[in-house]
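What follows is the residue order along each chain.
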Amino acid sequence: MSYAELFSEIKAELMNADVSGIQEHLAYQFNITGESSGIFCVEVKEGKLYVEPYEYYDRDAMFTCSAEVLKKLADGRLNPILAFTTQRLKVEGDFGKAARLKELIESYAGSTDERGENEAE
């Protein structure tokens with residue numbers, strides 16, 4: 001899968017998130033490693049979500065992972081906290097704001113069980 005295909009797929013998933021209740025500014029950068037390598041940013045600003053295919057220098061947190069891990073995160077099959085603790089997801093920056101990624105994903109993908117894997121899987 002190319003970076004462009006991956007970005008389109010991830011953007012489509014993330015744009016389902018309900019961020020209307022988030023008034024705090026959140027800015028994330030995702031660094032994708034491996035075959036589909038690339039960079040994109042996710043920003044929540046004034047209750048609106050933006051997903052763009054470029055670096056975000058004034059970010060709150062930066063996530064680095066493989067395309068496979070990113071797809072599992074985006075569709076709710078993998079809990080971001082579990083991915084971090086099992087070293088499948090690297091995080092730099094504000095860990096408090098980084099933890100809000102889970103809330104953003106759960107707003108459209110549903111919650112995950114204790115293992116971090118979605119119950120539907």
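The structure this text deals with has already been given above.
Residues numbered from 1 in each chain as written. Predicted model: local features only at pLDDT ≥ 70, side-chain atom pairs only at ≥ 80, totals over all residues. Heavy atoms only, no water.

### Comments concerning the overall build of the protein
Logical step 1: Helix and strand content of the protein: four helices and five strands.
Logical step 2: Scaling as 2.2 N^0.38, a compact globule of 121 residues should have a C-alpha radius of gyration of about 14 Å, and the protein matches this with 13 Å.
Logical step 3: Considered along the principal axes of its C-alpha atoms, the protein spans approximately 35 × 30 × 25 Å.
Logical step 4: Across the 121 residues that make up the protein, the buried fraction comes to 45%.
Logical step 5: Accessible surface, the protein as shown: approximately 6,400 Å² in total, 48% of it carbon and sulfur.
Logical step 6: Computing the positive centroid from 13 side-chain charges and the negative centroid from 23, the protein places the two 1 Å apart. (Helix = DSSP H or I, 4+ residues; strand = E, 2+ residues; numbered from the N terminus. Rg over C-alpha atoms; globule rule 2.2 N^0.38 Å. Buried < 20%, exposed > 50% of the residue type's maximum accessible area, 1.4 Å probe, protein only. Areas by Shrake-Rupley, 256 points an atom, 1.4 Å probe, with all protein chains shown as cover. Lys, Arg positive; Asp, Glu negative; His and termini not counted. Charge placed at Lys NZ, Arg CZ, Asp CG, Glu CD.)

### Structural notes on helix H4 (residues 95-109)
Logical step 1: Over its 15 residues, H4 extends 22 Å from the first C-alpha to the last, a length consistent with the 21 Å expected when each residue adds 1.5 Å.
Logical step 2: Among all positions in H4, only Lys 97, Ala 98, Leu 101, Leu 104, Ile 105 and Tyr 108 are buried. Along the long axis of H4, the arc covered by the buried residues comes to 115°, so they all point the same way.
Logical step 3: Of the residues flanking the start of H4, the one acting as N-cap is Asp 94, its side-chain oxygen 2.9 Å from the backbone nitrogen of Gly 96. (Expected span 1.5 Å × (residues − 1). Arc of directions from axis to C-beta. Polar contact = N/O pair within 3.5 Å; in protein donor to acceptor, adjacent residues only side chain to side chain.)

### Quick word on the sheet that holds strand E1 (residues 26-33)
Logical step 1: Read across the sheet, five strands follow the order E3-E2-E1-E4-E5 without closing on themselves; strand pairing throughout is mixed. Looking at the sheet topology across the chains shown, the edges are occupied by strand E3 (48-52) and strand E5 (90-93). Between one strand axis and the next, the sheet turns through 15° on average, direction left out of account.
Logical step 2: Where E1 meets strand E4 (residues 61-66), six bridges bridge the pair, whose relative direction is parallel. The residue of E4 that forms the bridge with Asn 31 is Thr 64. (Pairing = 2+ DSSP bridges. Axes fitted to C-alpha atoms, helices over the stretch in contact; angles between N-to-C directions.)

None of this, on its own, says anything about what the molecule does.
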